[in-house]
Every structure is written in structure tokens, then in C-alpha cells.
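Okay, here's what each chain looks like letter by letter:
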Amino acid sequence: MEYLEITENLSFSRIIQGFWRLTEWDWDIKSLEAFIQGCMERGVTTLDTAEIYGFGECETQLGRVFAKNPSMRNKIQLVSKTGIFNKDGFKYYDTSYERIKKSCKESLQRLSCDYLDLYLIHREDPCFDPREAGRAMVELKKEGLVREIGVSNFDPFKFEALNEFTENQLCTNQIEWSPCCFEHIDSGMMDMLTQKSIHPMIWSPLSRGRIFTSQEAPFVNVRQKLEEIGNRHGVEPEVIAFAWILYHPVKAMPIVGSSKLSRLDHAIKALDVKLERWEWYEIYTASGEKRLR
Ligand SMILES: NC(=O)c1ccc[n+]([C@@H]2O[C@H](COP(=O)([O-])OP(=O)(O)OC[C@H]3O[C@@H](n4cnc5c(N)ncnc54)[C@H](OP(=O)(O)O)[C@@H]3O)[C@@H](O)[C@H]2O)c1
């Protein structure tokens with residue numbers, strides 16, 4: 001496994017395991033414990049969750065594993081997020097000072113931990129006050145409840161605004177990126193992160209699995225291209241999808257969302273695949289959404 005220095009105090013495994021779907025997997029504590037141990041044996045030590053996943057249930061299940069194995073906690077890097085809430089089925093965002101401080105403490109309680117390695121603001125909030133959110137995040141860091149702070153799904157303007165009020169301490173942006181999703185390439189975010197040497201965490205690197213399950217043209221086209229290039233390199237098409245993300249100079253960290261360690265292995269295998277530059281562009285244009293001028 002390769003490890004990336006996120007800050008001088010924190011390194012992440014280049015491949016991260018995500019737990020968004022954990023409550024759908026319907027696992028008991030033993031299965032979850034075995035899965036996390038499988039991640040750790042592979043060197044995948046960075047784990048991603050959020051307070052909204054399963055409305056707290058995801059953090060609670062992870063917390064049961066950490067409570068049972070206290071020595072596990074210091075061998076992993078734990079990421080959680082705040083900002084998305086639900087009132088009687090109605091979704092809204094809250095990134096106020098009080099909410100961030102309260103949410104962090106609640107997440108720690110559910111996770112049976114006394115600190116998070118990284119705490120993120122989950123979504124861009126249209127009703128966002130970067131002074132207030134920044135003050136809360138900086139305080140959490142000073143209090144030792146979180147080691148580092150960052151954001152998720154932010155555009156360059158909101159990133160810069162919050163960075164100013166966190167004394168430039170934002171150390172990542174967790175963003176969606178795949179051969180079928182170009183939002184952050186188009187916004188200039190990838191260029192900004194590359195320029196600042198900030199490594200993004202990448203969610204839905206396989207477009208929520210649709211690259212391998214959907215019959216819609218963009219996904220089918222990408223799938224066929226990944227198969228073709230996979231045949232050339234003698235690896236599975238999934239491996240090529242991850243190799244495409246890893247190729248970019250921003251040094252992104254894909255978050256695997258699968259419940260299967262065999263699929264986590266695809267991402268790990270991608271660390272050893274070196275695409276040709278023209279192959280990267282074959283994948284970039286495969287969905288039909290991107291054309292080179
Ligand atoms: N910050 C944010 O706003 C945000 C948003 C969404 C997600 N995330 C994070 O990113 C992580 C990854 O997101 P994701 O789960 O959408 O990632 P993903 O890897 O794109 O999708 C995972 C899904 O695809 C399926 N899959 C994977 N390979 C497949 C294949 N070859 N054939 C068929 N199905 C396949 C998996 O099913 P199996 O389990 O059966 O393999 C799983 O349901 C999440 O767990 C979460 O931690 C963050």
C-alpha cells in the first residue's frame with residue numbers, strides 16, 4: 001500500500017474504504033469486524049463515514065467494533081462528516097457553529113472514540129457562513145477532538161472562503177469523480193487542488209457501481225473501453241477505472257464503496273498499473289461527455 005502525507009501530522013492510505021452503504025449490508029458486528037480487519041491486513045487503514053449515513057447507524061456500528069477492539073482505533077485513520085440533516089424525511093443542511101460542535105461530539109460518542117483523524121463539512125451549504133463554520137472547525141482541532149479538518153463537495157469559491165477562516169488548514173476536499181462524472185474537472189477544483197498540493201478523496205469512483213451495472217450509453221461506453229484497456233494490461237476493467245483516477249497528478253485517494261474485499265483488491269491492484277497517456281484520454285472521452293478540441 002502507498003501512503004500519502006495529508007498534513008505533516010497525518011498520512012492516509014492511498015486507497016480508502018467507505019461505509020456509506022454499511023446499513024444496507026445487514027452485517028452483524030463479527031462480519032463488520034472481519035471486514036475492517038481485512039482492510040487493515042491489506043494496508044487500507046483509512047476509513048470513511050458520516051453522521052448522515054444510516055442516520056447515525058453507520059457510525060454506531062463502527063463504534064461497536066472499536067469498543068470491542070480498542071487497540072484497532074489507533075491503527076486506522078477515521079474520517080467523518082457533518083452538515084446534512086433530516087427532519088421528518090425532509091433533507092436540509094446545517095453548518096452553523098453550534099451544530100458543527102454538537103455534531104462532532106455526537107459522532108465521537110457513536111463511534112466510541114475520543115478523536116477523529118479528519119472531520120469534513122459534508123456538502124456545500126447555500127446558507128453558509130464561512131466565519132462561523134471556520135470558527136467551529138478550528139476550535140474542534142484546538143480541543144483535540146479532530147486532528148485535521150476539510151470539506152466535501154465544495155467548489156473553489158466556497159473552499160477558498162472557508163480556508164481563509166480556518167487559517168488555511170483545510171487539508172482535503174472529498175469529491176465525486178469517475179470516468180462518467182466531471183463536475184470538479186470542469187469547475188477548476190482539480191487544478192486548484194493540484195496547485196495547492198492538496199489530495200482529494202474521491203467518492204463513487206465507479207459511479208455508484210453503474211459503470212458495471214447500467215445499460216445507459218455513457219456507462220456502457222466506459223465499461224467497454226475499460227474492458228478493452230484491461231485486456232491490454234491483463235487486468236480486470238475495475239482495476240483500470242481506479243488506475244485512471246490514480247494517474248492524475250493531483251494524487252487522489254479513491255474511496256471504495258464495495259462490501260467485498262475482492263473489489264477492494266481491484267483498487268489496490270491499480271496502484272501497480274501504469275496507463276499510457278493516450279489511454280487516460282481514451283477513458284476521459286469514452287462516456288461521450290468530453291471531447292478534445
Ligand atoms: N462525500 C460525499 O458526499 C459522499 C457521497 C457518496 C459516497 N461517499 C463515500 O464514498 C464511498 C464510495 O462511494 P460509492 O459506494 O458510491 O462507490 P462506488 O465504488 O462507485 O460504488 C460502490 C457500489 O458499486 C457496486 N459495485 C462495485 N463494483 C462493482 C462491479 N464490478 N459490478 C457491480 N457492482 C459493483 C458495489 O456493490 P458491492 O457491495 O456488491 O460490491 C457498491 O454497491 C462511500 O462509501 C462513502 O464513504 C461520499
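Provided above is the structure to which this section pertains.
Residues numbered from 1 in each chain as written. Predicted model: local features only at pLDDT ≥ 70, side-chain atom pairs only at ≥ 80, totals over all residues. Heavy atoms only, no water.

Q: Is there a simple way to think about the overall build of the chain in this case?
A: A count of helical and extended segments in the chain gives 14 helices and 12 strands. In terms of overall dimensions, the chain is globule-like: its C-alpha atoms have a radius of gyration of 19 Å, near the 19 Å expected for 293 residues. Seen through its C-alpha atoms, the chain measures out along the principal axes to roughly 50 × 45 × 40 Å. Within the span of the chain, comprising 293 residues, buried residues form 57% of the whole. Long-range pairs, those at least 24 residues apart, make up 75% of the contacts in the chain between residues at least 6 apart in sequence. Accessible area for the chain stands at about 13,100 Å²; split by element, carbon and sulfur atoms hold 47% of it. Looking at the chain, you have 38 positive and 44 negative side-chain charges, and the mean spots of the two groups are 1 Å apart. (Helix = DSSP H or I, 4+ residues; strand = E, 2+ residues; numbered from the N terminus. Rg over C-alpha atoms; globule rule 2.2 N^0.38 Å. Buried < 20%, exposed > 50% of the residue type's maximum accessible area, 1.4 Å probe, protein only. Contact = heavy atoms within 4.5 Å. Areas by Shrake-Rupley, 256 points an atom, 1.4 Å probe, with all protein chains shown as cover. Lys, Arg positive; Asp, Glu negative; His and termini not counted. Charge placed at Lys NZ, Arg CZ, Asp CG, Glu CD.)

Q: How should the site of the ligand be read in this particular structure?
A: For the ligand, the set of nearby residues contains 28 residues, the closest of which are Asp 48, Ser 204, Ser 258, Lys 260 and Arg 263. His 122 places a side-chain nitrogen or oxygen 3.3 Å from an oxygen atom of the ligand. Interatomic distance of 3.3 Å between a backbone N/O atom of Gly 209 and an oxygen atom of the ligand. Relative to its unbound accessible area of 910 Å², the ligand is 89% covered by the protein chains. Structurally, the ligand is housed in the largest pocket. (Near = heavy atom within 4 Å. Polar contact = N/O pair within 3.5 Å; in protein donor to acceptor, adjacent residues only side chain to side chain. 1 Å grid on protein atoms, 1.4 Å probe; cavity = no way out; pocket = protein on both sides within 12 Å on 5 of 7 lines; lining within 4 Å. Sits in = over half its atoms within 2 Å of the grid points.)

Q: Help me understand the state of the cysteines in this model?
A: Throughout this description, disulfide means a covalent bond between two cysteine sulfur atoms. As enumerated under the stated definition, the model contains zero disulfides in all. The structure places no disulfide on Cys 113, whose sulfur is separated from the nearest cysteine sulfur, that of Cys 104, by 11 Å. Between Cys 180, a free cysteine, and Cys 181, which holds the nearest cysteine sulfur, the sulfur-to-sulfur gap is 8.7 Å. (Disulfide = S-S within 2.5 Å.)

Q: When you look at the side chain of Ser 207 in this model, what are you seeing that I'm missing?
A: Among the structural elements, Ser 207 can be located in the loop between β11 (201-203) and α10 (210-213). Leaving out residues up to four positions away in the same chain, Ser 207 has contacts with Ser 178, Cys 180 and Phe 219.

Q: Would you mind going over the pairing of strand β1 (residues 3-7) with me for this structure?
A: Along any regular strand, the residues point their side chains to alternate faces of the sheet. Across four bridges, β1 lies against strand β2 (residues 10-13) in antiparallel orientation. Counted as the bridge partner of Thr 7 is Leu 10 from β2. Linkage of β1 to β2, two consecutive antiparallel strands, is achieved through a turn of two residues. (Pairing = 2+ DSSP bridges.)

Q: Which parts of the structure should I look at to understand the pattern of salt bridges?
A: Between side chains of opposite charge, a pair can form as their charged atoms come close. Per the counting criterion, the structure on display carries 24 salt bridges. In this structure, Arg 147 engages Asp 117 in a salt bridge whose closest nitrogen and oxygen atoms are separated by 2.9 Å. Placement of the pair is Arg 147 in strand β9 (residues 146-152) and Asp 117 in strand β8 (residues 116-121), with a sequence separation of 30 residues. For Arg 147, a relative accessible area of 34% translates into the label partly exposed. Judged by its relative accessible area of 1%, Asp 117 is buried. For Lys 196, the salt bridge goes to Glu 160, with nearest N and O atoms at 3.3 Å. Residue Lys 196 is found in helix α9 (residues 189-196), and its partner Glu 160 is found in helix α7 (residues 156-164); the two are separated by 36 residues along the sequence. (Salt bridge = Lys/Arg side-chain N within 4 Å of Asp/Glu carboxyl O.)

Remember, this is a structural readout, not a statement about activity or role.
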